[in-house]
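Now for the letters of each chain:
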Amino acid sequence: MKKPKTLPLVIYILRLCNNFFGSRGGIDSLACKLLVKLFRVGNWEIDGDKTKINGKEGMEITEKKYVEEVYNYLHSIPETGHNEFKTSKFISEELKKFGYDVVEGIAVTGIIATIDSGVKGPILAVRADMDALEYEIDGKKINIHSCGHDANSSMVLAAAKEVIEKGISRGRAVFIFQPAEEILGGAIEMAKSGLLDEVEEIVGIHLRPIQEARLGEATPALCHGSSKVVKVKINGLASHGARPHLGVNAVDAAVLAINGINTIRIDPRVPHSAKVVKINTSGSAHNIIPDSVTMVLDLRAQKNEIMEELVEKIKDAINGSVQSIGARAEIEVDGVPAAEYDEEMLRIVREAIRDVLGSSIDEIITPGGEDFHFYTEILKVKSAYIGLGSDLVPGLHHPEMKFNLKALEYGKEILKKVVFKRLG
Ligand SMILES: [Zn+2]
Ligand SMILES: [Zn+2]
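Conventions adopted
Residues numbered from 1 in each chain as written. Chains lettered and ligands numbered in written order. Predicted model: local features only at pLDDT ≥ 70, side-chain atom pairs only at ≥ 80, totals over all residues. Pairing = 2+ DSSP bridges. Helix = DSSP H or I, 4+ residues; strand = E, 2+ residues; numbered from the N terminus. Axes fitted to C-alpha atoms, helices over the stretch in contact; angles between N-to-C directions. Parallel < 35°, antiparallel > 145°, perpendicular 65-115°, else oblique. Left-handed = near helix turned anticlockwise from the far one by under 90°. Contact = placed C-beta atoms within 7 Å. pLDDT = per-residue confidence, 0-100. Buried ≥ 20, exposed ≤ 12 C-beta atoms within 10 Å, placed from the backbone. Nonpolar A, V, L, I, M, F, W, Y, C, P; charged D, E, K, R; others polar.

Peer 1: Could you give me a rundown of the sheet that holds strand 17 (residues 328-336), with the residues and numbers involved?
Peer 2: The 4 strands are arranged 14-16-12-17 in an open sheet whose pairing can be described as antiparallel. Two strands in the sheet have a free side with no partner beyond their single neighbour: strand 14 (272-281) and strand 17. Strand-to-strand twist across the sheet, computed as the mean angle between neighbouring axes with direction ignored, equals 20°. In terms of strand pairing, strand 14 meets strand 16 (residues 292-301) through 9 bridges, oriented antiparallel. Along strand 16, the bridge assignment pairs Thr281 with Val293.

Peer 1: Account for the packing of helix 5 (residues 149-166) against helix 11 (residues 406-423), with residues named and values stated.
Peer 2: Where helix 5 meets helix 11, the axes come as close as 8 Å, and the angle between the chain directions of the two elements is 45°. When the axis of helix 5 is compared with that of helix 11, the two are oblique. Here the hand of the crossing between helix 5 and helix 11 comes out right-handed. On helix 11, the residues that touch Ala151, Ser154, Met155, Val156, Ala158, Ala159, Glu162 and Val163 of helix 5 are Leu408, Gly411, Lys412, Leu415, Lys416 and Val419.

Peer 1: Residues and numbers for the confidence of the model for the protein, please.
Peer 2: For the protein, per-residue confidence averages 88 on the pLDDT scale, and residues scoring 70 or more make up 85% of the total. Confidence drops under a pLDDT of 50 for residues 1-8, and excluding neighbours within four residues, the segment shows 8 contacts in the predicted structure. In this model residues 14-63 is a low-confidence stretch, pLDDT under 50, and it forms 66 contacts with partners more than four residues away in sequence or in other chains.

Peer 1: With reference to specific residues and values, describe the environment of Gly241.
Peer 2: In this structure, Gly241 sits in the loop between strand 13 (239-240) and helix 7 (250-262). Judged by local crowding, Gly241 falls into the partly exposed class, with 13 C-beta atoms found within 10 Å. A sequence separation of 48 residues divides Gly241 from Ile289, and the C-alpha atoms of the two residues are 5.5 Å apart.

Peer 1: Kindly report on the packing of helix 7 against helix 8 (residues 304-323), identifying the contributing residues and their values.
Peer 2: Two elements in contact, helix 7 and helix 8, have axes separated by 8 Å at closest approach and are oriented at 145°. In the crossing of helix 7 with helix 8, the sense of the turn from one axis to the other is right-handed. Here helix 7 contributes Ala253, Leu256, Ala257, Gly260 and Ile261 to the contact with helix 8, which in turn contributes Ile314, Ala317, Ile318, Gly320, Ser321 and Val322. For the contact of helix 7 with helix 8, the residue count by class is 8 nonpolar, 3 polar and no charged.

Peer 1: Residues and numbers for the environment of Glu409, please.
Peer 2: If you trace the backbone, Glu409 turns up in helix 11. Placed 251 residues apart in sequence, Glu409 and Ala158 show a C-alpha to C-alpha distance of 8.9 Å.

Structure (structure tokens):
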């Protein structure tokens, strides 16, 4: 079936209709949603550049709308970390079709696509994440792209398309599509794959909630904090409830440890926190003095030095406290580093933002964590990370998260400009 050229207008009207009725939750809203869904992923054609969707013939996409149509498709197939099979297959096929050298299956579903100019120059990577989040709604498990990784992937894929079409004149451009950002596994595995060892510079991008940036605004420095999870197992000695003097009560040891943690003092000018968020004891009967307690702590710090200090003090506080009554602690620390950006990269990305949006906003400080910063830490590369305003409401990770799709075009253009500033 040949689609009329007025289709984008029809979709626009349907979306307006969807937004209008969506807030009122009527039957019309459902009908509109169904129609929008049908038009988003239907097997039809628009005049223009032909692109396969989901490996099927039939959908043709106008050049201008490529980023948005890719977004609509990825949005319709949300997949959780390390399960991004359809998403990865689609992106990989597109990249191969564009002419990239593509390596697939890194960290299960990760993709690395490279174009080499053959001329000496910088090796610049642009990174997107692909995973969605799982929710339980009305008793049903459902995946939703509520963090906008579908948007990140669409912007990077559309930028990759335009980069190879125009070509680069020096260095190499490397496009990374990583899995499992939300479960903090993807970036480490991609960075340790050995396939990115020659990368010198890296740029990431993420939509921001409306409170941080409006549509038409962007920063070259989205400053994530470091976040760590500390798992603690305290080992005491079991005994009968009637003879506590023959045991070491792991609960007593845990209480001492928590008090120790709560007395830690670190430079208050840098935001940070340490909280015990889970605690469990061993033993089933109330008359057993428990010989073990497990605890989980959530740590946040806006700078890596402060996080290191916090972790050391936490370990000292726990070990010192439990040992004072004869218990022992096993401590495991996991998590993501804070953002550390390179001034030169920030300058280049800032210029790209100004070229596209007219101006660039200051850095955005966010307490949220991001596994992107493992690339900087493991590969020792220069980095910057674009925070892109999109009028996103009500917030990231909210199951009804929505944003203005115009942001996709802005993000794609900014990424493209960054690549050409370095390699053009
Ligand atoms: Zn997220
Ligand atoms: Zn995210």
